[in-house]
Amino acid sequence: MKKTYDIAVFHGDGIGPEIMAPTLEILRHLSRGNPTYDLAFTDAPAGAGHYAKTGESFPTGSLEIARKADAILLSAMGLPDVRYPDGTEISPQIDLRKQLGLFAGVRPVKVSSGQMTPLALPPGKEIDFVLIRESTEGLFFTQGTGEVTEEEARETLVITREVSEKLFCFAFDLANNRKASGRGPGRVTCVDKANVFRAFAFFRSIFDAEAARHPDLQADHAYVDATALWMVQKPWEFDVLVTENMFGDILSDLGAGLMGGLGLAPSADIGLNHAVFQPCHGSAPDIAGQGVANPFAMFLSAAMMLEWLGLTHDHPELSSDGARLREAVEKVVANGQNLTRDLGGKAGTQEAASAVLEALPA
């Protein structure tokens, strides 16, 4: 008997709906071909376009759809010319992180041997690490409520023991799973600025306490500026990196650059009971409606969703389909024949999606 998983779908703004449509098509294709599960999709309106039409960026009903779902699939959100009266952008994805306690922002960075990358990788070297960004506090804590006067502006960085303990537990569990699957050595690096700020020294002390509970795994530290340097010089040495919200926001874009751009950068924001999966890139309104948007990061985010559902529900067939989708995207990218123009190719959105469907391993 098939098990049905409810997926909340936020179609997004700009190119968001264009890359969500083929993603749902691929997910339906996978579920039709698997006798163990079904996926039921429920649309949840939100975003800048919805705000422009209704004056509401994130309806209560959409939050409830997300809260009740087994997983949340979210496309690119926001439009640069649609903002709140205080000048900040419409960002329901950040509201979701705070409302649902999605403390672990997971940003995988993977470059296989032979794949195009801005770096000149040494022969035989591959990049395969995961950056985990705390997603609910840090320097984003006072988003929308910072103090601004004629003379100065203040935002507050907050790091709590409660959230940090959950974050580091998640990071070590991920490193352990990666080690068990042969994808990493079982190493967790705490990225901070503990040499300057007391808050980060506090952050590091909580990390060290969690590391002591995992003597079978490696644990070390790196300052954020040095990490940025090493991500360019020797990214193949990283396994799992864990850091504060703003640092993670910046380093995740650097990680995307290593892969060739945000068009190949998936993400997940995961809590104890909920998870959101979305591409790292923006809504690109300048190319919306032209059929040229890159759907690969959206596909890879959907693959992460399947793998997470499979892991959390003890449903290996789901995880297997997630791996199949990820491998299909990697195969198309490595082949180089159906790349979108942001990756140096000429393929349109549907052409790229069709290539991934054809590349799905049996």
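Not measured: the values here are computed from a predicted model.

Novice: What is the right way to look at helix α3 (residues 60–68) in this model?
Specialist: Along an α-helix, a turn takes 3.6 residues, which lines up residues three or four apart on a common side. Ser 62, Leu 63 and Ala 66 are the residues of α3 that are buried. Summarising the axial view, the buried residues of α3 lie within an arc of 100°, below the 170-degree limit, and thus occupy one face. More than 90 degrees from the buried face of α3, the exposed residues found are Thr 60 and Lys 68. Of the surrounding secondary structure, the elements contacted by the buried residues of α3 are β1 (3–10), β3 (71–74) and α4 (92–100).

Novice: So what exactly am I meant to see when it comes to the packing of aromatic side chains here?
Specialist: Aromatic rings considered in pairs are described by the distance between their centres and by the relative angle of their planes. All chains considered together, the criterion is met by 12 aromatic pairs. Look at Phe 10 and Phe 58: their rings are 5.9 Å apart centre to centre, the planes differ by 80°, and that puts the pair in the edge-to-face class. Taken together, the residues span a long stretch of sequence, with Phe 10 in strand β1 and Phe 58 in the loop between α2 (48–54) and α3 at a distance of 48 residues. Through pairs of rings, three or more aromatic residues link up here, namely Phe 168, Phe 172, Phe 197, Phe 200, Phe 203, Phe 207 and Phe 247.

Novice: Explain the side chain of His 315 here, please?
Specialist: Along the chain, the position of His 315 falls in the loop between α9 (296–312) and α10 (316–335). Overall, His 315 belongs to the buried group, its relative accessible area being 8%.

Novice: In this structure, what is going on with the layout of surface pockets? I would like to understand it.
Specialist: The method is simple in principle: a probe with the dimensions of a water molecule rolls over the atoms, and the space it marks as empty is what remains. Computed from the structure, the largest pocket encloses a volume of approximately 1200 Å³. Along its surface, the largest pocket is lined by 44 residues, and Val 106, Leu 174, Arg 183, Met 304 and Glu 307 are the ones closest to its centre. A per-class count over the lining of the largest pocket returns 25 nonpolar, 9 polar and 10 charged. Taken as a whole, the second largest pocket encloses approximately 860 Å³ of empty space. Along the wall of the second largest pocket there are 35 residues; nearest its centre are Ser 91, Gln 93, Ile 94, Phe 140 and Gln 143. The set of elements that each furnish at least two residues to the lining of the second largest pocket consists of α4, α8 (245–259) and β12 (275–279). Ranked by residue count, the leading element in the lining of the second largest pocket is α4, at 5 residues. Its residues assigned to classes, the lining of the second largest pocket comprises 12 nonpolar, 13 polar and 10 charged.

Novice: Before we go on, may I ask you to explain the pattern of salt bridges in this structure?
Specialist: A side chain of one charge can pair with a side chain of the opposite charge when the charged atoms of the two come close. Enumeration over the complete set of coordinates arrives at 20 salt bridges. Arg 67 is the partner of Glu 64 in a salt bridge, and the nearest nitrogen-oxygen pair spans 3.5 Å. Pair noted here: Glu 64 and Arg 67 are both in helix α3, with a separation of 3 residues, about one helical turn. By relative accessible area, Arg 67 is classed as partly exposed at 33%. As a salt-bridge pair, Arg 326 and Glu 330 come within 3.8 Å of each other at their nearest N and O atoms.

About the cut-offs
Every chain's residues receive numbers from 1 upward, in the order its sequence appears when written. Where local features are concerned, this predicted model is filtered to residues with pLDDT of at least 70; where side-chain atom pairs are given and counted, the filter is 80 or more; whole-chain, interface and lining totals use all residues. Water and hydrogen atoms play no part in the side-chain values, which are based on all heavy atoms of the structure. Note on classification: 1.4 Å probe, protein chains only; a residue is buried when its accessible area is under 20% of the maximum for its type, exposed when over 50%, partly exposed between these limits. Numbering of helices and strands runs from the N terminus; a helix is a DSSP stretch of H or I covering at least four residues, while a strand is a stretch of E covering at least two. When we speak of the arc, we mean the arc of directions from the helix axis to the C-beta atoms. When checking whether two residues touch, look at their non-hydrogen atoms; a contact exists if any pair is within 4.5 Å. Two rings belonging to Phe, Tyr or Trp (six-membered ring only in the last case) form a pair when the distance between their centres is within 6.5 Å. Interplanar angles under 30 degrees mark stacking, angles over 60 mark edge-to-face geometry, and anything in between is tilted. Definitions used throughout: a 1 Å grid over protein atoms alone; a cavity as a set of points that fits a 1.4 Å probe which cannot get out; a pocket as an open set with protein on both sides within 12 Å along at least five of seven lines; a lining residue as one with an atom within 4 Å of a point. Grid points are joined across faces, edges and corners, and a volume is the space filled by probe spheres set on the points. Think of it as three bins: nonpolar holds Ala, Val, Leu, Ile, Met, Phe, Trp, Tyr, Cys and Pro, charged holds Asp, Glu, Lys and Arg, and polar takes everything else, Gly as well. When a carboxyl oxygen of Asp or Glu lies within 4 Å of a side-chain nitrogen of Lys or Arg, that pair is called a salt bridge.

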